[in-house]
Every structure is written in structure tokens, then in C-alpha cells.
Protein chains: 2
Amino acid sequence: MPRILITGISGFVGGYFTDFLRTNRVDFEIHGISRSKPSWDFIPHSEDLIKNIVFHQGNLMDIPYIQSVITEIQPDYIIHLAAQSSVAESWESPISTFLDNTTIFLNIIDSVRRVGNRCKVLSVGSSEQYGIVRENDLPLNESVIQNPSSPYAVARVSQENLAKIYADGYQLNICCTRSFNHCGPGQNEKFVVSSIVKQFAEIALGKKDPVIKIGDGTVIRDFLDIHDVVRAYILLLEKGKRGEIYNVCSGKGRTIRSIIETLNNLYGISAGIEEDPSQFRPIDTPKLIGSYAKLNKTVGWSPEVEFEDSLKSIFHYWCSRLLPHVK
Amino acid sequence: MPRILITGISGFVGGYFTDFLRTNRVDFEIHGISRSKPSWDFIPHSEDLIKNIVFHQGNLMDIPYIQSVITEIQPDYIIHLAAQSSVAESWESPISTFLDNTTIFLNIIDSVRRVGNRCKVLSVGSSEQYGIVRENDLPLNESVIQNPSSPYAVARVSQENLAKIYADGYQLNICCTRSFNHCGPGQNEKFVVSSIVKQFAEIALGKKDPVIKIGDGTVIRDFLDIHDVVRAYILLLEKGKRGEIYNVCSGKGRTIRSIIETLNNLYGISAGIEEDPSQFRPIDTPKLIGSYAKLNKTVGWSPEVEFEDSLKSIFHYWCSRLLPHVK
């Protein structure tokens, strides 16, 4: 029975990844580590799911604790989902962003090395690592030079560089993702799609003036449904090559403003847009669109969920949370 | 009176830098921070020098302490010399190498940001950041793509990436060096030139069989005398441009083996060479030679000390330490 350890299991991606495993890899023994217990209000029957995992409550800054967990479990796979993954928050709290991305990852892989565990590790990174890129380099493939332009992006580049050293220098079996923006029901509203759809749901339910507040609406991002994301991750854990890096993306770019236009069209509403300069970042990355050719070639993955379908499921999530009779 | 704060003041570079300042910038008020008090047995009249500085004993992992020191001093300049700068040691202790390079640097620049101090910061980095490079790219200029190939190198790349974010995103006045190998009297013998010359001095004094043990003798490095290094640093503190990166190097490459040949020629001894595979690294960087054209253009610096003269002064240092009548 293969054993997997999921760091940051209690988070948004952790919930969907665990749900996917339970359904699609029924023989896996699932261990999770996090500072707080999972609740996953966005996953149907989450109580049953939680009963089917072994939860280890702890802090990834606590190296002896990590070593004891890895020694005890001797996992075949580790997926590192624990992260502070908000670019905006990284400008507010650069030190904790660095600790909660780079340092905790180093603590995990160094524990694997010291314990002598021979697991496969998936290091989850970010499209933000590319930073400010040239128009000619779009869609981005994995060999484009990185130009990280936020504290978060620097933390992720550092993480990936460490992963490469541990793969090449210490022969750990690590592969890396550069994951583009996610969306899905249950994502924290500090992320842009969740924030927009929540406001849109409030408007639809008559709880808010018909104006959606965003940061810079002209930036272009590549959004992938969370179900497609976690499917890519299990395939990479099983078939990703040691020391290699894989984009996880939709291959399509859209502006932040266009998300609101899509919602307006889907639901026949005319929500307006207000750009709030206080949400602008000191430096921003105007355009990130990825190519998933390498991932497709290595593991046979391609995206399956249409963006409009993601928006509908997120809209449904927010409506169910906002309507008093559901609570 | 300009005030300067020197982190890692008690170390090898800290001693020479302080000595240089005291002699060449007599109006500077010199503050130093380190875990242990300076002693600098390699600096003439070091007791007098120590009396002329304000020493702050503390740990750079202690953020409130750093903030209190910066608030108190309100420095005009900070030079960050504190580091774990041994590549070999970084393979043994990757976590502490990361903390003692990247994390402490982040703690310092974030303290400068939070305190609102408007000092000029010199971030000292390393030639190891270049890693494994193409023959065509030699001598290396600052725009060559970095390919860090040790835990130490990754830590230094992370440091530089953070420096750029703080310069561009938070408008801190930081510039960076990529400093190539140093040599000089008093350098710890875990560094290659010091190790070789110490063994050579033992042979010359009849205290050792005539064989010098080294790691991989074929690797090529660019060595710069410590006096030239610290002269470059003060010029960069005064004239280096915000967000820019400068090689600090001699522009000349030499193999490790050739250092022993040079010593044999200088002193008419025939010391042999033994390559010790236990000193080989999991991944090594075969050839690092820098170009100092940018530094020269910006601040007018070029190297002044011949390598042979460095070797003579290091030989003298080790002889004086090894001869019982001097002790």
C-alpha cells in the first residue's frame, strides 16, 4: 500500500488533492501535516474524507518533528502544498512569506535526506517565478529565464533552486511544478477569482452595489481549475522525472477585467468595475501565460474543465455561503 | 560624521574592511555587529582598532535586536559581511548555510525597511552564484545566466534576488557584489589558499611530509587579495548604483594545483600534491573567472596586489603562527 505525506493538507489545494486521491487511488494510505486540522467546507462529505486520513498536527519550522513524522511514516510520496501563496500578502510580510515557502520546504527535503527516506517529492512552485517576461517568450515554456518580481516569486525561485540541488547533489527524487493561477470553490477570497466571484454573488443576491472592486484589471493571467491542478499533481508524483520542472497551466491568458465580463454574460447582470489603486503592487507582472506541452508529453495531461464551468461552480459556492437558509 | 554598520565584523573580511576604513575614511563612525567579539590576530595593532569601533554583540536571527540597533544608530551605510561562506560546509549543513546567508540578510534589509532608515546597503554575494557556466561566457560578466550548483550558491542567489526586490519594490538603496575567491593572512584554513599555504609552511618548517592534500586540483578559480576586496567594497558603498550587481574579481583564473607550483617556485621547495576524494563535492563548478569591467567603469577600481605577493604574506602569517618562539 503506497504511503503519501501531504504538507499543508488543510488548505484549499490539500482538500481537493486528498479528495482526488481517495477516489482515484484507493489503495493509498494518506498522511497529512498542517498547523490546523482540515475542515474543507468546500468538499462534499468532507467528514468522511477526514476520517480516512492520518492527520499529523505540527509546524514545518519544527525540524525534529518533521524528521520524526518522516521516520515513522516512511512515505513513498511527499507532495509539498504548504505555502503562503498570496503575492499581495508577500509584499506586506516578506519575511514570513520566505519562511512559509522556502524555509519550510528546505526543512522537509533536508529531513528526507537525513532520515534516508527514498520517497518521490513533488515541489509545488509558481508561475510568478517567471516574473516580468518578454512578449516573444509567451506562452512560457520551462526554459525561459526567470525574473522574479515579488517577495513571493523570489521565495519560490529559491525553493526550486534548492530542489534542483537536492535532486542533483544529494540524488533525492524531486520534481517541480510551476503552477499558474488556480481557481475553484473554497479558495480564499484574497485570490482574485474568488474575490471577484464572491462580490458578483453578493450583487446577484442583492446584497451589494453593482460594482466589483479589483486591483489592476489589465494584468493577464492563466487560470486553471483546481480539479485539473490536482490531477496533474498525482500524475507528476507518479511519472514526473527527477530534477525536472513542469508548468501546470491552461495555456490561455485572460485579463482580470474579462473575468467580470464573462460573469456578466453568464448571468445577464451588468456589474461595473472599480480599480482600487491600494490593491496595486509595487511591481507587477503584466502577462503570464504558460505552455503545458512538457507536462502533456511526460504524463499525458491536458486541461479538462472550461473556465466558464469553474466560474459557475465558484458562483454556486459563494451563493450557498451567502444565503442565510443554507447556513 | 557618516555612520556605518558592519555585519559579521569579527570575521576575516570584517577585520580588513574595518582596518581599511579606519585608515582611509577617518571620519567614519564604525559600528559592528557579530555573535562574538572581534580579535583579528591577523591585523597589526588590532587592539587599537577594536577600541575605535562600537561593537554590538548579537545574533542576526534576532529581528527585534536588529531593528533596535538600526533605530539607535540610524546608519548611513550598512555592509553585510556576516555569512557562512564555505561551499564545502554548505554541502554538510545546507539548512544552517541558508539561514546564515539568506535569512539573516532578509532580516537586515527588512529591518531597514520597517525602521524607515535610508542607508546605502552593500549586499556581498559570491561568484559561486554563476555555477556551471559555458566556456564561451568566460570571463563572466554580470549578465551571464546564473546556474547555482551548491547549497551555498543557492543561498547567495536567493539573497541577491531579495536585494533586487527590496531595491525595485521598496526603493531601498541596495547594490550587490558577486565576489570571487578571496585570499589573505588570517583566512580560515577551510578555504583552499589558506589550507594550501598552511600545509606548505608546515613543510618549509620541517613539521610535515612534503605532500599537500587538496580536493579537486583541476578546478579553476579567480583569486583576489583581501586588500583589493575591501577597497572595492568601500567604493561600491559610496558610488555603486541602486539595484546593480558588480563582480569583484582579479580577471585571472588559475587551477588549484598551480597554486602549489607557484609556492614551490617562490620558495625553492618541491612539495607534492595529493588529491583527497573525500574533499570532492557532489557537484563542482569547474571554472570561474570574472570580468571587473563594470566595477572599473563605475568606481574606477582595478586590482593592485599580485597573487604572488598575497601568497608571500599568507606564508609569513602561517610561519609566524607555527613557530613556537612567536607564540
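No experiment lies behind these values; they were computed from the predicted model shown.

### Concerning the relation of the copies chain B and chain A
Between the two copies, chain B and chain A, the superposition gives an RMSD of 0.0 Å; the rotation angle is 180° and the shift along the axis is 0.0 Å. Taken together, the rotation angle and the small translation identify this as a two-fold axis. Residue S158(B), judged by its C-alpha, is the member of chain B lying nearest the rotation axis, at 2.8 Å. Same-surface contact between copies: 100% of interface residues of chain B are shared with the interface of chain A.

### Quick notes on the interface of chain B and chain A
Each side of the interface is counted separately: chain B has 22 residues, and chain A has 22 residues. Looking at the side of chain B that touches chain A, the elements with two or more residues in it are α5 (94-115) and α6 (151-168) of chain B. Top element by residues in the side of chain B that touches chain A is α6(B). It accounts for 8 residues. Considering only residue class, the side of chain B that touches chain A consists of 15 nonpolar, 5 polar and 2 charged.

### Examining the environment of Q199(A)
Residues and elements named next belong to chain A. Examined against the element boundaries, Q199 turns out to sit in helix α7 (residues 192-204). Classification of Q199 as buried rests on a count of 23 C-beta atoms within 10 Å. Taking the C-alpha atoms as reference points, Q199 and N188, separated by 11 residues in sequence, lie 13 Å from one another. Residues contacting Q199, with those up to four places away along its chain left out, are K208, I212 and K213.

### Some words on the confidence of the model for chain A
For chain A, the mean per-residue pLDDT works out to 96, and 99% of the residues sit at or above 70. Reported confidence for the predicted complex is 0.94 by ipTM and 0.95 by pTM.

### Some details on unusual backbone geometry
Residues L138(A) and P139(A) are joined by a peptide bond in cis, for which omega reads -10°. Of note, P139(A) is situated in the loop between β5 (120-126) and α6 (151-168). With a phi angle near 55°, H45(B) is a residue other than glycine that sits in the positive phi range. Relative to the helices and strands, H45(B) is located in the loop between β2 (29-34) and α2 (46-51).

### Digging into the packing of α5(B) against α6(B)
All names here are of chain B. The contact between α5 and α6 brings their axes to 8 Å, and the two run at 10°. Between α5 and α6, the crossing angle belongs to the class labelled roughly parallel. From α5, P94, T97, F98, N101, T102, F105, L106, I109 and R113 reach across to α6, where they touch P151, Y152, A155, R156, S158, Q159, L162, A163 and Y166. Its residues placed into classes, the contact of α5 with α6 shows 11 nonpolar, 5 polar and 2 charged.

### Points about the packing of helix α3 (residues 63-73) of chain A against helix α5 (residues 94-115) of chain A
All names here are of chain A. For the pair α3 and α5, the least separation of the axes is 9 Å and the interaxial angle reads 55°. Taken as axis vectors, α3 and α5 run oblique relative to one another. As for the relative orientation of α3 and α5, their crossing is right-handed in sense. Every residue of α5 that contacts α3 at I63, I66, Q67, I70 and T71 is listed here: N107, I108, S111, V112, R114 and V115. Looking at the contact of α3 with α5, its residues break down into 6 nonpolar, 4 polar and 1 charged.

### Brief notes about helix α11 (residues 307-322) of chain B
Under the 1.5 Å per step criterion, the end-to-end length of α11(B) is 22 Å for 16 residues, consistent within 8% with the ideal 22 Å. In this structure, the buried side of α11(B) is in contact with β7 (181-183), α7 (192-204), β10 (223-225) and α9 (256-267) of chain B.

About the thresholds
- Residues numbered from 1 in each chain as written.
- Chains lettered and ligands numbered in written order.
- Predicted model: local features only at pLDDT ≥ 70, side-chain atom pairs only at ≥ 80, totals over all residues.
- Least-squares fit on C-alpha atoms with pLDDT ≥ 70 in both.
- Contact = placed C-beta atoms within 7 Å.
- Helix = DSSP H or I, 4+ residues; strand = E, 2+ residues; numbered from the N terminus.
- Nonpolar A, V, L, I, M, F, W, Y, C, P; charged D, E, K, R; others polar.
- Buried ≥ 20, exposed ≤ 12 C-beta atoms within 10 Å, placed from the backbone.
- pLDDT = per-residue confidence, 0-100.
- Axes fitted to C-alpha atoms, helices over the stretch in contact; angles between N-to-C directions.
- Parallel < 35°, antiparallel > 145°, perpendicular 65-115°, else oblique.
- Left-handed = near helix turned anticlockwise from the far one by under 90°.
- Expected span 1.5 Å × (residues − 1).

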